[in-house]
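Spelled out from the first residue to the last, the chains are:
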Amino acid sequence: VARVPAARTATFTALLDGSGDLVGAVADMAVFDEVLPTSIDAAVSAGALSGAGLIVCDGNLSEATLAKVLECSSAANVPAWYEPVSVAKATRGGTVAAGGARRQPWHLVSPNWDELQALLGCDRPQPLEEAKEGPLPGEVLGSLEEAMSSNLAENVLLTMGPRGVLLASSYGARGGRPGAPGVAALAAAAAHDVSALLAGAPGLPEAVPPMEVKVESLPSAQGRRFLWYRLLRPLSSVQDTTGAGD
């Protein structure tokens, strides 16, 4: 853990409405400006990636620092996960760096719908209808195909609030990584006892309802793997909130 003299620990304070959606927020992320490309080089030289299985970073870092993270992750053969954070910051981790140079793809990016549109160059993201049932709009699959084709990432984990989560992978349904489960094994509904999963966690409320998730394989024009994870129960309180996740 690096300590920066005279800097403040990053804080985020969110104001939510009665339905759980974001009304406003105050974020103090200035300390991330102290993480420079030279900071990444120094950490790597000190062995920070020795034995690492994954690098996780987000859009609070500068564009130049994110580019350095990708460069180092590629050199060390360590996958890197980019969390866009918000529409305003998402493009810092896009496919084209300052000056027009194209970047290496991320191993994984995890945007919501608005952030994905920003990453694809849309100045005014259009909202996604938050229907709880029915098929996904065609623009969702089209945007994921575009993200794969533009070399944004090998995998995109798209969060959609009540519509669930869609994992798009550049590894095709038949050509996945060794040991990866097949689509047929994943395309099913399963109920989970949340109380048992969280047993021993401090502050766990009583009578946590069971969670039922359905996984469905969706068609891809380019032979990629699209898996749609939908929360069937409970569903009424799920919101997709920019800056605060689902």
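Note that the structure is a prediction, hence the values are computed from the model and not measured.

## Side note on the pairing of strand β6 (residues 153–159)
- With 5 of its 7 residues buried, β6 lies for the most part within the structure.
- Bridging between strand β5 (residues 106–109) and β6 involves 3 bridges; their strand directions are parallel. Bridging across to β6, L108 finds its partner in N155.
- Summarising the sheet, β6 and strand β7 (residues 165–169) pair through 5 bridges and their orientation is antiparallel. Residue V156 lies in a different strand from β7, and its bridge partner there is A168.
- Between β6 and β7, which pair antiparallel one after the other, the connecting turn spans 5 residues, and G161 there sits at a positive phi close to 60 degrees.

## A look at a nonpolar patch on the surface
- Together, L197, L198 and L204 make up a nonpolar patch on the protein surface, roughly 260 Å² of accessible area in all.
- Along the polypeptide, L204 turns up in the loop between α7 (194–197) and β9 (211–218).
- With relative accessibility at 31%, the residue L204 sits in the partly exposed group.

## Things to note about the packing of aromatic side chains
- Under the definition given, this model contains 1 aromatic pair.
- With centroids separated by 5.1 Å and ring planes inclined at 15 degrees, the aromatic side chains of Y82 and W106 adopt a geometry described as stacked. Within this pair, whereas Y82 is found in strand β4 (residues 80–83), its partner W106 is found in strand β5, the two being separated by 24 residues in sequence. Taken as a pair, Y82 and W106 share a single burial class, namely buried.
- For the cation-ring pair, R230 lies above W228, with the distance from its terminal atom to the ring centre recorded as 4.0 Å.

## Examining the layout of surface pockets
- Empty space within the largest pocket amounts to approximately 500 Å³.
- Lining the largest pocket are 18 residues, with V35, S39, I40, A43 and L61 sitting closest to its centre.
- At the level of secondary structure, the elements contributing two or more residues to the lining of the largest pocket comprise α1 (37–45), β3 (55–58) and α2 (63–76).
- The element best represented in the lining of the largest pocket is α1, accounting for 4 residues.
- Taken together, the residues that form the lining of the largest pocket break down as 16 nonpolar, 1 polar and 1 charged.

Conventions adopted
Residues numbered from 1 in each chain as written. Predicted model: local features only at pLDDT ≥ 70, side-chain atom pairs only at ≥ 80, totals over all residues. Heavy atoms only, no water. Buried < 20%, exposed > 50% of the residue type's maximum accessible area, 1.4 Å probe, protein only. Helix = DSSP H or I, 4+ residues; strand = E, 2+ residues; numbered from the N terminus. Pairing = 2+ DSSP bridges. Patch = residues over 30% accessible without salt bridge, like charges linked within 9 Å, V, L, I, M, F, W, Y side chains within 5 Å. Areas by Shrake-Rupley, 256 points an atom, 1.4 Å probe, with all protein chains shown as cover. Salt bridge = Lys/Arg side-chain N within 4 Å of Asp/Glu carboxyl O. Phe/Tyr/Trp six-rings, centres within 6.5 Å; stacked < 30°, edge-to-face > 60°. Lys NZ or Arg CZ within 6 Å of the ring centre and 35° of its normal. 1 Å grid on protein atoms, 1.4 Å probe; cavity = no way out; pocket = protein on both sides within 12 Å on 5 of 7 lines; lining within 4 Å. Points joined across faces, edges and corners; volume = space filled by probe spheres on them. Nonpolar A, V, L, I, M, F, W, Y, C, P; charged D, E, K, R; others polar.

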